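Reading the structure
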Amino acid sequence: MAGSADNRLQARADLAWAISVGGIGVVGFASLLLFTWYFAATLFLIFAGMLLGLALNAMTNMLGRIVRLPHALRLTIVCLVLAGLLSGVVFLGGATIAQQAAVLSDTIKSQLVGVKAFLERNGIDSSYFELGNPAPAASAAPATSGAEATPSPARPHGLPGELASSGGAIVSQTLKLLLGTVSAVGNFFIVLFLGLTFAAQPGVYRKGLLYLAPAQQRARATVIVDRIGATLERWLIAQIITMAAVFAVTWIGLSIIGIQSSFILGIQAGLLAFIPTVGALLAGVIVVLASLASGWVAAASAFALFLGVHALESYVLTPIIQRQALDIPPATLFGFQILLGVVFGIWGLALALPLMAIVKVLIDYFKADEAATAAAAA
């Protein structure tokens with residue numbers, strides 16, 4: 001009887017321990033999700049800095065295959081070359097970029113106004129365009145006739161209130177613009193600083209990350225971290241080559257067609273090539289809208305060029321350059337992009353592919369480990 005009672009007590013203790021551990025696990029997972037939700041922008045910023053550090057480290061390692069120099073010196077050379085290229089683009093083509101950007105902005109706005117008018121003529125609601133509040137028209141006032149139509153004398157005492165209202169709106173818009181600019185510049189320098197620090201001492205951060213894993217699982221964590229790093233490095237190098245090719249082909253093709261702002265359009269196409277599928281579609285829409293100002297023939301030629309660039313990227317560059325980098329089904333990637341884009345905005349849309357790559361490495365590793373365990377058991 002005593003043995004039976006002890007077994008029951010042990011079973012109750014095990015059940016209570018299991019419930020306690022499960023509850024702590026659920027609370028911890030919920031806390032992690034809540035933390036990720038509230039600090040998603042900061043986490044994406046840190047992840048972007050890590051990606052920049054991986055890209056710099058990959059280029060530094062490629063340079064190490066050519067010259068035998070210390071890591072710090074090779075990283076300095078890579079950074080100086082990249083800074084020189086960026087400075088050359090800014091100083092040699094800065095005026096062209098600024099001019100073409102202004103022309104492109106005006107062209108896109110005018111084309112959107114034309115599209116909005118076309119939709120309204122065909123009875124389609126176009127209020128979602130939000131192209132700006134129209135100026136107050138005479139039709140907005142209630143119709144009057146006779147003596148009521150006589151214009152009322154001006155009321156000078158109302159003028160200061162109107163000026164104050166307009167001034168407040170101007171100050172508010174200026175403040176928003178300044179805050180947005182400061183935020184963008186600040187984010188850029190944060191990513192740049194994180195990337196440089198990660199690339200300067202990659203071994204230190206790798207060891208620190210591995211020490212977070214339990215000692216019993218540290219060997220498996222080492223394999224996973226190394227595979228993730230190698231996969232992301234290969235993908236980043238392939239992506240840089242793809243973006244450069246898309247920029248060059250788009251710029252040269254639009255210049256041959258005779259489209260204004262061809263250089264800035266090539267730059268935006270190359271940058272948007274970083275975002276798979278969605279970026280290519282957005283770049284194509286911008287190119288076609290900007291080409292409409294030059295006529296339907298130019299727009300059709302630009303659309304054909306967009307299809308050619310998209311085919312080059314999807315069926316030539318990606319299979320050849322990235323065949324060993326990533327192998328993710330397109331529908332899975334697109335669905336993951338849409339999910340992160342809706343939940344986290346532009347950060348989620350831009351960084352969906354590298355996050356999906358990390359998930360894929362984890363899944364492949366555990367699948368291979370499970371298969372190896374099953375084969376050993378058999």
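Note that this is a predicted model, so its numbers are computed, not measured.

Here is what the cut-offs are and how they apply
Residues numbered from 1 in each chain as written. Predicted model: local features only at pLDDT ≥ 70, side-chain atom pairs only at ≥ 80, totals over all residues. Heavy atoms only, no water. Helix = DSSP H or I, 4+ residues; strand = E, 2+ residues; numbered from the N terminus. Buried < 20%, exposed > 50% of the residue type's maximum accessible area, 1.4 Å probe, protein only. Contact = heavy atoms within 4.5 Å. Axes fitted to C-alpha atoms, helices over the stretch in contact; angles between N-to-C directions. Parallel < 35°, antiparallel > 145°, perpendicular 65-115°, else oblique. Left-handed = near helix turned anticlockwise from the far one by under 90°. Salt bridge = Lys/Arg side-chain N within 4 Å of Asp/Glu carboxyl O. Nonpolar A, V, L, I, M, F, W, Y, C, P; charged D, E, K, R; others polar. Phe/Tyr/Trp six-rings, centres within 6.5 Å; stacked < 30°, edge-to-face > 60°. Core = buried A, V, L, I, M, F, W, Y, C linked by side-chain atoms within 4.5 Å. Expected span 1.5 Å × (residues − 1). pLDDT = per-residue confidence, 0-100.

Looking only at helices and strands, one finds 12 helices and 0 strands in the protein chain. Secondary structure elements of the protein chain occur, N-terminal to C-terminal, as α-α-α-α-α-α-α-α-α-α-α-α. Counting over 378 residues, the protein chain shows a buried share of 27%. When contacts within the protein chain are restricted to residue pairs at least 6 apart in sequence, long-range pairs at least 24 apart make up 66% of them.

Viewed as axis vectors pointing N to C, helix α5 (residues 202–211) and helix α6 (residues 218–257) meet at an angle of 135°, and their least axial separation amounts to 9 Å. Between α5 and α6, the angle falls in the class oblique. Crossing geometry of α5 relative to α6 is assigned as right-handed. Contacts between α5 and α6 involve Arg-206, Leu-209, Leu-210 and Tyr-211 from the first element and Arg-218, Ala-221, Thr-222, Val-225 and Asp-226 from the second.

Within the secondary structure layout, Ala-352 lies in helix α12 (residues 352–377). Placed 17 residues apart in sequence, Ala-352 and Gly-335 show a C-alpha to C-alpha distance of 9.9 Å. The residues contacting Ala-352, other than those within four sequence positions of it, are Phe-336, Gln-337 and Leu-340.

Another point: the pattern of salt bridges. Inspection of every chain in the model, using the stated rule, returns 2 salt bridges. The salt bridge partner of Asp-364 is Lys-360, with a shortest N-O separation of 2.8 Å. Placement of the pair is Asp-364 and Lys-360 together in helix α12, with a separation of 4 residues, close to one helical turn. Looking at Lys-360, the relative accessible area reads 26%, which means it is partly exposed.

Running from N to C, helix α2 (residues 40–64) and α6 cross one another at 80°; their axes reach a closest spacing of 9 Å. As the angle between them shows, α2 and α6 are arranged roughly perpendicular. Together, Leu-51, Leu-54, Ala-55, Asn-57, Ala-58, Met-59, Asn-61 and Met-62 of α2 and Gly-229, Leu-232, Glu-233, Leu-236 and Ile-237 of α6 make up the contact between the two elements. Of the residues that constitute the contact of α2 with α6, the class distribution is 9 nonpolar, 3 polar and 1 charged.

Within a pair of aromatic rings, the relevant descriptors are the distance that separates the centres and the angle that separates the planes. In the structure shown here, the tally under the stated rule is 9 aromatic pairs. Ring centres of Phe-44 and Phe-344 lie 5.3 Å apart, and the angle between their planes is 70°; on these two criteria the pair is classed as edge-to-face. Taken together, the residues span a long stretch of sequence, with Phe-44 in helix α2 and Phe-344 in helix α10 (residues 330–344) at a distance of 300 residues. Both rings, one in Phe-247 and one in Trp-251, keep their centres 5.7 Å apart while their planes meet at 20°; by these two values the pair is stacked. Taken together, the positions of Phe-247 and Trp-251, both in helix α6 and 4 residues apart, correspond to about one turn of that helix.

Counting 37 residues, the largest nonpolar core has Leu-51, Leu-254, Leu-265 and Leu-351 as its most contacted members. Among the secondary structure elements, those contributing two or more residues to this core are α2, α6, α7 (262–272), α8 (278–291), α9 (296–321) and α12. If you look at the next biggest cluster of nonpolar residues, it comprises 5 residues, including Leu-56, Leu-63, Val-78 and Ala-199.

Here the focus is α10. Taking 1.5 Å of rise per residue, the 15 residues of α10 would be expected to cover 21 Å, and the 21 Å separating its terminal C-alpha atoms lies within 8% of that figure. Looking at the buried positions of α10, the neighbouring elements they touch are α8, α11 (346–350) and α12. Looking at the residues trailing α10, positive phi occurs at Gly-345, about 80°.

This part covers the side chain of Asn-57. Among the structural elements, Asn-57 can be located in helix α2. When sequence neighbours within four positions are dropped, the list of residues in contact with Asn-57 reads His-71, Ala-199, Pro-202 and Glu-233.

Bringing the confidence of the model for the protein chain into the picture now. Confidence in the prediction for the protein chain averages 75 pLDDT; 73% of positions are at 70 or higher. Ranking the elements of the protein chain by mean pLDDT puts helix α4 (residues 159–200) last, at 69, and α2 first, at 88. The model gives residues 131–150 a pLDDT under 50, and that stretch makes 4 contacts with residues more than four places away or in other chains. Low pLDDT (under 50) marks residues 152–159, which in the prediction has 0 contacts with non-local residues, meaning those over four places away or in another chain.

This brings us to α12. Here α12 contains 26 residues, and its C-alpha end-to-end distance of 37 Å stays within 8% of the 38 Å for a straight helix at 1.5 Å per residue. Within α12 the residues assigned to the buried category are Ala-352, Leu-353, Pro-354, Met-356, Ala-357, Val-361 and Tyr-365. Buried positions along α12 lie against α2, α6, α10 and α11.

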